[in-house]
Amino acid sequence: MTTALIKNLSRHVDEEVTVQGWLYNLRSSGKIMFLIVRDGSGLMQGVLVKKEVGEELFETAGKLTQESSLKLTGLVRQEPRSVGGFEMTVTGLEIVGIAEEYPITHKEHGVEFLAERRHLWIRTPKQTAILRIRSEIEQAFRDFFYERDFVLADAPVITPAACEGTTNLFELDYHGEKAFLSQSGQLYNEATAMALGRIYCFGPTFRAEKSKTRRHLMEFWMIEAEMAYFDVDDNMRLQEDMVHYVIQRVLTRCAQDLKTLERDVDRLQRISLPFPRISYTEAVEILKKAGEEFVWGDDFGAPHETIISSQFDAPVFVHRYPTEIKAFYMKPDPNDPKVVLGADLLAPEGYGEIIGGGQRIDDLKLLEQRIAEHNLPQEAFEWYLDLRRYGTVPHSGFGLGIERTVAWLCGLEHIRETIPFPRMLHKMYP
Ligand code: ATP
Ligand code: MN
């Protein structure tokens, strides 16, 4: 007997197949029974007619509890009115495990209750839809870079020093030496970019900042790319192509899951290239016009980002931030050194910053000076300075947070549902 995934049932119409999964719901009229089964790829309705399967099998099926594991065998039929569009006329049922009384019922539950049971919550239709979309997004990023001859160069997770100070880092004991969990792979990416030209890394990132917002996690996944011979404009062009590519992939490959999430896909379909670009100074003007008391030189908070991005249908680049508020390695604009050649990408619909990026300082003397101004220990950065000593080139890169991207594309209120097991402030069970 062929086993099939529910998502592939369209390939098996009028064939007999076996579906392996778990019981999501059961309704019975006494003569006919409807079993909604999930297998991780989708939901399917199985129909058991007592007259046809016999008394014994019908009674066995009646004992199934929610989340019992089972295998259903039967004929696949097209049925537009049924969940997923296909239905199975069941002829065989094998019970693999009867589930105890399941804590998550089909009633509404509070988020606290669900978060405590995250290991079970992820089985529900909305959560599986989100996690499948996350998987598609990650695959789309990988394909995008692969198609453009980027090399995947993984950055270390355990690091001796920090990019930008150590206050927001998780510290650990490295055989008696102090070490930290990585908050960015960027400095290492600059080294691999000088070796390989165009690279990206994709890994977990750790920030110990005590933020309790709907867009911050303690552990999140970041795609970070670094490109030799790219300036600030090349950098933005690559990013918009990438984000647009990922949106198209999700729209074409995740239509069913977006529907489950009731995502307004028009908002995503409308996004076209190129994305708008405004300078930090122009963004400040937008804030002032909106009645905000904002001083040039301050960093944007989430409400500011929402006001700025609400002016646009597509994601918007904000470039040339004040040098003062950006990292030491950001290259000052030669035409106006008070600002840097960096750009953040703000997602529409209030989702805020999803990318931070920019052109890096390629001049040795200037970089040494900036390290000193930021009170960073130069010894720790000697290897990084070597990249300017030996064959320095203009180069740029960026980091994109996967969870914020998933939250935006799925239209979610909170980032905690975008990752199987979120790590949040004071919360890491299960
Ligand atoms: P924010 O100011 O919004 O806290 P950031 O400027 O500190 O973010 P970057 O250091 O620029 O963030 O990191 C690059 C990207 O990583 C961000 O644009 C965002 O998508 C993501 N990111 C940063 N911090 C977090 C976090 N705590 N949780 C989830 N994603 C994050
Ligand atoms: Mn940033």
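Refer to the structure printed above.
Rules used in this analysis
Residues numbered from 1 in each chain as written. Chains lettered and ligands numbered in written order. Predicted model: local features only at pLDDT ≥ 70, side-chain atom pairs only at ≥ 80, totals over all residues. Heavy atoms only, no water. Axes fitted to C-alpha atoms, helices over the stretch in contact; angles between N-to-C directions. Helix = DSSP H or I, 4+ residues; strand = E, 2+ residues; numbered from the N terminus. Parallel < 35°, antiparallel > 145°, perpendicular 65-115°, else oblique. Left-handed = near helix turned anticlockwise from the far one by under 90°. Contact = heavy atoms within 4.5 Å. Nonpolar A, V, L, I, M, F, W, Y, C, P; charged D, E, K, R; others polar. Expected span 1.5 Å × (residues − 1). Polar contact = N/O pair within 3.5 Å; in protein donor to acceptor, adjacent residues only side chain to side chain. Near = heavy atom within 4 Å. Patch = residues over 30% accessible without salt bridge, like charges linked within 9 Å, V, L, I, M, F, W, Y side chains within 5 Å. Areas by Shrake-Rupley, 256 points an atom, 1.4 Å probe, with all protein chains shown as cover. Salt bridge = Lys/Arg side-chain N within 4 Å of Asp/Glu carboxyl O. Phe/Tyr/Trp six-rings, centres within 6.5 Å; stacked < 30°, edge-to-face > 60°. Buried < 20%, exposed > 50% of the residue type's maximum accessible area, 1.4 Å probe, protein only. Lys NZ or Arg CZ within 6 Å of the ring centre and 35° of its normal. Pairing = 2+ DSSP bridges.

J.: Honestly, the packing of helix α5 (residues 125-147) against helix α14 (residues 402-410) in this entry has me stumped. Any pointers?
T.: Packed helices, taken two at a time, are described by their axes: the angle between them and the distance between them. Look at α5 against α14: their axes get within 10 Å of each other, and the N-to-C directions meet at 120 degrees. One way to sum up the angle between α5 and α14 is to call them oblique. Between α5 and α14 lies a crossing of right-handed hand. Residues Ile 130, Ile 133, Arg 134, Ile 137, Glu 138 and Phe 141 of α5 form the contact with α14, whose participating residues are Ile 402, Glu 403, Val 406, Leu 409 and Cys 410. Residues of the contact of α5 with α14, tallied by class, amount to eight nonpolar, no polar and three charged.

J.: Quick question: what am I supposed to make of helix α7 (residues 232-253) here?
T.: Residues lying three or four places apart along an α-helix face the same way, a consequence of the helix completing one turn every 3.6 residues. Spanning 22 residues, α7 covers 32 Å between terminal C-alpha atoms, matching the ideal 32 Å at 1.5 Å per step. Looking at where α7 begins, the residue whose side-chain oxygen comes 3.0 Å from the main-chain nitrogen of Asp 233 is Asp 231.

J.: Could you clarify how one ought to interpret unusual backbone geometry in this entry?
T.: Negative phi values dominate among residues other than glycine, just as trans dominates among peptide bonds. Omega for the bond connecting Leu 273 with Pro 274 falls within 30 degrees of zero, at -5 degrees, which places this linkage in the cis form. For Pro 274, the location among the structural elements is in the loop between α9 (266-269) and β13 (277-279). For the bond from Tyr 429 to Pro 430, the omega torsion is -5 degrees, close enough to zero to count as cis. Tracing the backbone shows Pro 430 in the segment after α14. The backbone of Asp 14 sits at a positive phi, close to 65 degrees, despite the residue not being glycine. Mapped onto the fold, Asp 14 is located in the loop between β1 (2-3) and β2 (16-28). Positive phi, close to 50 degrees, is recorded for His 175, a residue that is not glycine.

J.: For this particular structure, what's the right way to read the site of ligand 1?
T.: Among the 15 residues in the neighbourhood of ligand 1, the closest are listed as His 216, Leu 217, Glu 353, Ile 354 and Arg 404. In the model, a nitrogen atom of ligand 1 is placed 2.9 Å from a nitrogen or oxygen of the Leu 217 main chain. Between ligand 1 and the protein, one listed contact pairs an oxygen atom with a backbone N or O atom of Gly 401 at 3.2 Å. When contributions to the shell around ligand 1 are tallied by element, the ones reaching two or more residues are β12 (219-228), β18 (352-359) and β19 (395-401). The leading source of residues in the shell around ligand 1 is β18, at four residues. Counted by class, the shell around ligand 1 contains six nonpolar, four polar and five charged residues.

J.: Explain a nonpolar patch on the surface to me, please; I cannot follow it from the model alone.
T.: A cluster of nonpolar residues, Val 157, Ile 158 and Tyr 174, forms a patch on the protein surface that exposes about 250 Å² of accessible area. Position of Ile 158 among the secondary structure elements: in strand β8 (residues 158-159).

J.: Before we go on, may I ask you to explain the packing of aromatic side chains in this structure?
T.: Describing an aromatic ring pair means giving the distance of the ring centres and the angle of the ring planes. The full count for this structure, using the stated rule, is 17 aromatic pairs. Aromatic pair Tyr 280 and Trp 296: ring centres 5.4 Å apart, planes at 85 degrees, arrangement edge-to-face. Highlighted residues: Tyr 280 in helix α10 (residues 280-289) and Trp 296 in the loop between α10 and α11 (302-309), separated in sequence by 16 residues. Taking the relative accessible area as the measure of exposure, Trp 296 reaches 35% and is therefore partly exposed. An aromatic cluster of at least three residues, connected via ring pairs, comprises Tyr 188, Phe 328, Tyr 329, Phe 381, Trp 383 and Tyr 384. The positively charged end of Lys 326 is found above the aromatic ring belonging to Tyr 321, 4.2 Å away from the centroid. Seen from the ring of Tyr 384, Arg 388 lies directly overhead, with NZ or CZ sitting 4.3 Å from the centre.

J.: Looking at this structure, I do not really get the packing of α10 against α11. What am I missing?
T.: Where α10 meets α11, the closest approach of the two axes is 9 Å, and the angle between their N-to-C directions is 95 degrees. Accordingly, the angle class assigned to the pair α10 and α11 is roughly perpendicular. For the pair α10 and α11, the contacting residues are Ala 283, Ile 286 and Leu 287 in the first and His 304, Ile 307 and Ile 308 in the second. Tallied by class, the residues present in the contact of α10 with α11 amount to five nonpolar, one polar and no charged.

J.: Got a minute to help me understand the environment of Leu 217 in this structure?
T.: Mapping Leu 217 onto the fold places it in the loop between β11 (198-206) and β12. Along the sequence, Leu 217 and Arg 416 sit 199 residues apart, while their C-alpha atoms lie 7.6 Å from each other. Those residues in contact with Leu 217, other than ones at most four positions away along the chain, are Arg 207, Glu 403, Ile 415, Ile 419, Pro 422, Arg 423 and Met 424.

J.: Just checking my understanding: could you explain the pairing of strand β6 (residues 86-97) for this structure?
T.: Within a regular strand, side chains alternate between the sheet's two faces. Two elements, strand β4 (residues 43-49) and β6, share three bridges in a ladder whose sense is parallel. Its bridge partner being in β6, Val 47 is matched across the sheet by Thr 89. With 10 bridges connecting them, strand β5 (residues 69-78) and β6 associate as antiparallel partners. Paired with Gln 78 across the strands is Phe 86, a residue of β6.

So, to be careful, I would describe these as geometric facts and stop short of saying anything about function.
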